Amino acid sequence: MGTIGLHNFIAQQFSMPEGMCGRAAGAVMGLINHLPNRRAIERLGIGERDDVLEIGFGPGWALKKMARLAHSGTVTGVDRSPTMFRQAQIRNRAAIQDGKLKLIQGTFERLPVETASMDKVLAVNVIYFCSPTGTALAEAHRVLRPGGTMSIYATDCSSMKRLQFVGPETRQTFDLKGLEDFLGKSAFASDHIDIQMIWLPFGFRGLVARLCKR
Ligand SMILES: C[S@@+](CC[C@H](N)C(=O)[O-])C[C@H]1O[C@@H](n2cnc3c(N)ncnc32)[C@H](O)[C@@H]1O
């Protein structure tokens, strides 16, 4: 496998983690996505009675943290990867058994979640895999209650270039202006949108967007 083939393979494992390599990708995500998840969760301002949804939960670390914050509410996760489903299930066994956390294998283009049933929606390092038509954002908007908040984290495209993990499954990458434009044309167009730039270790940059549904 050449260098491009290797980068494409790694990008594919972040988009749809599968089998042994997918499990390894899940472990890597747990490390490199720790800070982005922390920042994106902070921007949600989760209350103890909130109903929270994460789209693209990967290894399930953010679900674990959010289940602690929304301890009198509910947490639901949607991800298409069976490998990530199993990792998140093992990591969150107690909350699942207590009926506080539900995992669903599904796609964020058609969220298997009721309309206006969530207070908060989290999406960390998943927006690259969403259709440029904004279907996934329309779905997130649909499931949020009025007054609800969505938090989106995306690594800035300059840092994505350095990582070279952009493959055919990566449908779009963003800088600040690109993310502003994309969100401004989405189902959240008439809502309050605020984007912050954050610095990560080794000079990497990320963007955290907070979208508040009217
Ligand atoms: C790069 S990982 C990020 C995981 C996690 N949010 C984190 O911070 O570690 C992207 C995740 O999104 C999931 N995913 C990608 N496209 C999806 C889609 N269209 N529907 C559902 N899940 C999707 C993948 O299976 C993967 O678990």
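In this report, we go over the structure that sits alongside the text.

Thresholds, definitions, all that
- Residues numbered from 1 in each chain as written.
- Predicted model: local features only at pLDDT ≥ 70, side-chain atom pairs only at ≥ 80, totals over all residues.
- Heavy atoms only, no water.
- Phe/Tyr/Trp six-rings, centres within 6.5 Å; stacked < 30°, edge-to-face > 60°.
- Buried < 20%, exposed > 50% of the residue type's maximum accessible area, 1.4 Å probe, protein only.
- Lys NZ or Arg CZ within 6 Å of the ring centre and 35° of its normal.
- Axes fitted to C-alpha atoms, helices over the stretch in contact; angles between N-to-C directions.
- Helix = DSSP H or I, 4+ residues; strand = E, 2+ residues; numbered from the N terminus.
- Parallel < 35°, antiparallel > 145°, perpendicular 65-115°, else oblique.
- Left-handed = near helix turned anticlockwise from the far one by under 90°.
- Contact = heavy atoms within 4.5 Å.
- Disulfide = S-S within 2.5 Å.
- Near = heavy atom within 4 Å.
- Polar contact = N/O pair within 3.5 Å; in protein donor to acceptor, adjacent residues only side chain to side chain.
- Areas by Shrake-Rupley, 256 points an atom, 1.4 Å probe, with all protein chains shown as cover.
- Nonpolar A, V, L, I, M, F, W, Y, C, P; charged D, E, K, R; others polar.
- Pairing = 2+ DSSP bridges.
- Expected span 1.5 Å × (residues − 1).
- Arc of directions from axis to C-beta.

**Some points on the packing of aromatic side chains**
Line of reasoning, step 1. All told, the structure shown has 2 aromatic pairs when counted by the stated rule.
Line of reasoning, step 2. With 5.8 Å between their ring centres and 85° between their planes, Tyr128 and Phe129 make a pair best called edge-to-face. Across the pair, Phe129 and Tyr128 agree in class, each one buried.
Line of reasoning, step 3. Taking NZ or CZ as reference, Arg162 lies 4.1 Å from the ring centre of Phe204, over its face.

**Looking at the packing of helix 3 (residues 34-44) against helix 4 (residues 61-69)**
Line of reasoning, step 1. Contact geometry of helix 3 with helix 4 gives a least axis separation of 11 Å together with a crossing angle of 30°. With respect to helix 4, the element helix 3 is oriented roughly parallel. Like other packed secondary-structure pairs, helix 3 and helix 4 cross with a definite hand, here right-handed. Facing helix 3, whose interface residues are Asn37, Arg38, Ile41 and Leu44, helix 4 presents Ala62, Lys65, Met66 and Leu69.

**A closer look at the state of the cysteines**
Line of reasoning, step 1. Tallying each qualifying case throughout the model produces 0 disulfides.
Line of reasoning, step 2. Cys157 carries a free sulfur, and the closest cysteine sulfur to it, the one in Cys130, is 16 Å from it.
Line of reasoning, step 3. In this structure Cys157 comes out as buried when scored by relative accessible area, which is 18%.
Line of reasoning, step 4. Cys212 takes part in no disulfide bond, and the closest cysteine sulfur to it belongs to Cys130, at a distance of 19 Å.

**What about the site of the ligand?**
Line of reasoning, step 1. Neighbouring the ligand are 23 residues; Asn33, Asn37, Gly56, Asp79 and Val124 lie closest to it.
Line of reasoning, step 2. Between the ligand and Asp79, the relevant distance is 2.6 Å, taken from an oxygen atom to a side-chain nitrogen or oxygen of the residue.
Line of reasoning, step 3. The contact in question runs from a nitrogen atom of the ligand to an N or O atom on the side chain of Glu109, over 3.1 Å.
Line of reasoning, step 4. Computed on the free molecule, the ligand has an accessible area of 600 Å², of which 97% lies beneath the protein chains in the complex.
Line of reasoning, step 5. Class assignment of the residues belonging to the shell around the ligand gives a composition of 10 nonpolar, 9 polar and 4 charged.

**Looking at the sheet that holds strand 1 (residues 51-55)**
Line of reasoning, step 1. The strand order 3-2-1-4-5-7-6 describes an open sheet built from 7 strands, whose pairing is mixed. What marks the edges here is a single partner per strand, and that holds for strand 3 (101-105) and strand 6 (192-199). The sheet shows a mean angle of 15° between the axes of neighbouring strands, taken without regard to direction.
Line of reasoning, step 2. Here strand 6 runs beside strand 7 (residues 205-212); their pairing, made up of 8 bridges, is antiparallel. Note that in strand 7 the partner of Trp199 across the bridge is Arg205.
Line of reasoning, step 3. Its contacts with the sheet put helix 4 on strand 1, strand 2 (74-79), strand 3 and strand 4 (118-124), and the angle it makes with strand 2 is roughly 165°.
Line of reasoning, step 4. Those strands touched by helix 7 (residues 135-143) are strand 1, strand 4 and strand 5 (144-155), and its axis lies near 145° from that of strand 5.

**Points about helix 2 (residues 19-32)**
Working note: α-helix, 3.6 residues per turn, so residues spaced by three or four point in the same direction.
Line of reasoning, step 1. For helix 2, spanning 14 residues, the distance from its first C-alpha to its last is 20 Å, which sits close to the expected 20 Å at 1.5 Å a residue.
Line of reasoning, step 2. Every buried residue of helix 2 is accounted for by Gly22, Ala25, Gly26, Met29 and Gly30. Along the axis of helix 2, the buried residues cluster in a sector spanning 145°; they form a single face. Exposed residues on helix 2 whose side chains face more than 90 degrees from its buried face are Met20, Leu31 and Ile32.

The values reported here are purely geometric and, on their own, carry no functional implication.
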